[in-house]
Amino acid sequence: MIESALESPDSYWMRHALSLAEQAGREGEVPVGAVLVRDNKVVGEGWNRPIQLNDPSAHAEIQALRSAGAHIANYRLCDTTLYVTLEPCTMCAGAIMHARVARVVFGAFDLKSGAAGSVFNVLNSNQYNHSVEISAGVLKQQCSNLLTDFFRTRRNK
């Protein structure tokens, strides 16, 4: 639940996603976190785990969608909002579309492979029977800094 009347729901949930991203970083994964929310309650969450799980699909978004599907016993995740610290890639955007997520809120833009408007616009393509509302750049600096610091530390090792 939102604790501060001064903080927007989007900032609140993005901070939660950032804490999950930090968990990924502690595990040696690229620090991306995602939380899926319905009616202001967490229904699923995840962080990047492709290295630990030996699974190229174990991105934070996919982990959150899987967690939510198991939690609500349905693969359709209608009326949910996905908060993710990095703009989804095409794989994740496709899964978000198939799950019928209503809205995606992301922090940092992915200028190399973002699929929510930066490079591709999978989430709002008129070629699908579902589109996703997008809110971009929420806590952008904090999300970007987490990734920048992670890769800087990795290069220096």
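Attention here is on the structure that accompanies the text. Bear in mind that the values here come from a model prediction, so they are computed numbers and not experimental data.

### Some words on the pairing of strand β2 (residues 41-47)
In summary, the side chains of a regular strand alternate between the two faces of the sheet.
Turning to step 1, where the next piece is worked out: The pairing of strand β1 (residues 33-38) with β2 spans 6 bridges and is antiparallel. By the bridge assignment for β2, Val37 is matched with Val42.
Turning to step 2, where the next piece is worked out: Linking β1 to β2, which pair antiparallel, is a turn of 2 residues; within it Asp39 sits at a positive phi near 50°.

### As for helix α1 (residues 9-26)
Turning to step 1, where the next piece is worked out: A rise of 1.5 Å per residue sets the reference length of α1, with its 18 residues, at 26 Å; its end C-alpha atoms lie 26 Å apart and thus fit the reference within 8%.
Turning to step 2, where the next piece is worked out: In the stretch just after α1, Gly28 is the one whose phi turns positive, near 85°.

### Regarding helix α4 (residues 90-99)
Turning to step 1, where the next piece is worked out: Restricting attention to buried positions, one finds in α4 the residues Cys92, Ala93, Ile96, Met97 and Ala99. Projected down its long axis, α4 carries its buried residues within an arc of 165°, all on one side.
Turning to step 2, where the next piece is worked out: In this structure, the buried residues of α4 make contact with α3 (60-72), β3 (81-86) and β4 (103-108).
Turning to step 3, where the next piece is worked out: Looking one or two residues past α4, Arg100 carries a phi angle of roughly 65°, positive in sign.

### Focus on the side chain of Ser57
Turning to step 1, where the next piece is worked out: Assignment of secondary structure puts Ser57 in the loop between α2 (50-53) and α3.
Turning to step 2, where the next piece is worked out: Engagement of the side chain of Ser57 in a polar contact is seen with the side chain of Asp55, the distance being 2.6 Å.
Turning to step 3, where the next piece is worked out: Of note is the side chain of Ser57, whose polar atom sits 3.1 Å from the side chain of Arg66.

### Structural notes on the environment of Gln52
Turning to step 1, where the next piece is worked out: Tracing the backbone through its elements, the reader meets Gln52 in helix α2.
Turning to step 2, where the next piece is worked out: On the basis of relative accessibility, which here comes to 38%, the residue Gln52 falls in the partly exposed class.
Turning to step 3, where the next piece is worked out: For Gln52 and Gly28, which are 24 residues apart along the polypeptide, the C-alpha to C-alpha distance reads 8.6 Å.
Turning to step 4, where the next piece is worked out: The residues touching Gln52, leaving out its near neighbours within four places in the chain, are Glu27 and Glu29.
Turning to step 5, where the next piece is worked out: Reaching out from Gln52, the side chain makes a polar contact with the side chain of Arg49 at a distance of 2.7 Å.

### Describing the pattern of salt bridges
Turning to step 1, where the next piece is worked out: This model, assessed by the stated rule, comprises 6 salt bridges.
Turning to step 2, where the next piece is worked out: Here Glu7 makes a salt bridge to Arg15, at a shortest N to O gap of 2.6 Å.
Turning to step 3, where the next piece is worked out: The salt bridge involving Asp10 is made with Arg103; its shortest N-O contact spans 2.6 Å. A residue pair is termed long-range when its members are at least 10 positions apart, and Asp10 in helix α1 and Arg103 in strand β4 qualify at 93 residues.
Turning to step 4, where the next piece is worked out: On the basis of relative accessibility, which here comes to 16%, the residue Arg103 falls in the buried class.
Turning to step 5, where the next piece is worked out: Several salt bridges share partner residues, and in doing so they unite Asp10, Arg103 and Glu133 into one network.

### Description of the packing of α3 against α4
Working note: a packed helix pair is described by the angle between its axes plus the distance between those axes.
Turning to step 1, where the next piece is worked out: It is the contact of α3 with α4, at a shortest axis distance of 9 Å, that shows an interaxial angle of 25°. Classified by the interaxial angle, the pair formed by α3 and α4 is roughly parallel. Here α3 runs over α4; the crossing is left-handed. On α4, the residues that touch Glu61, Ile62 and Leu65 of α3 are Met91, Cys92, Ala95, Ile96 and Ala99.

Cut-offs used in this document
- Residues numbered from 1 in each chain as written.
- Predicted model: local features only at pLDDT ≥ 70, side-chain atom pairs only at ≥ 80, totals over all residues.
- Heavy atoms only, no water.
- Pairing = 2+ DSSP bridges.
- Helix = DSSP H or I, 4+ residues; strand = E, 2+ residues; numbered from the N terminus.
- Expected span 1.5 Å × (residues − 1).
- Buried < 20%, exposed > 50% of the residue type's maximum accessible area, 1.4 Å probe, protein only.
- Arc of directions from axis to C-beta.
- Contact = heavy atoms within 4.5 Å.
- Polar contact = N/O pair within 3.5 Å; in protein donor to acceptor, adjacent residues only side chain to side chain.
- Salt bridge = Lys/Arg side-chain N within 4 Å of Asp/Glu carboxyl O.
- Axes fitted to C-alpha atoms, helices over the stretch in contact; angles between N-to-C directions.
- Parallel < 35°, antiparallel > 145°, perpendicular 65-115°, else oblique.
- Left-handed = near helix turned anticlockwise from the far one by under 90°.

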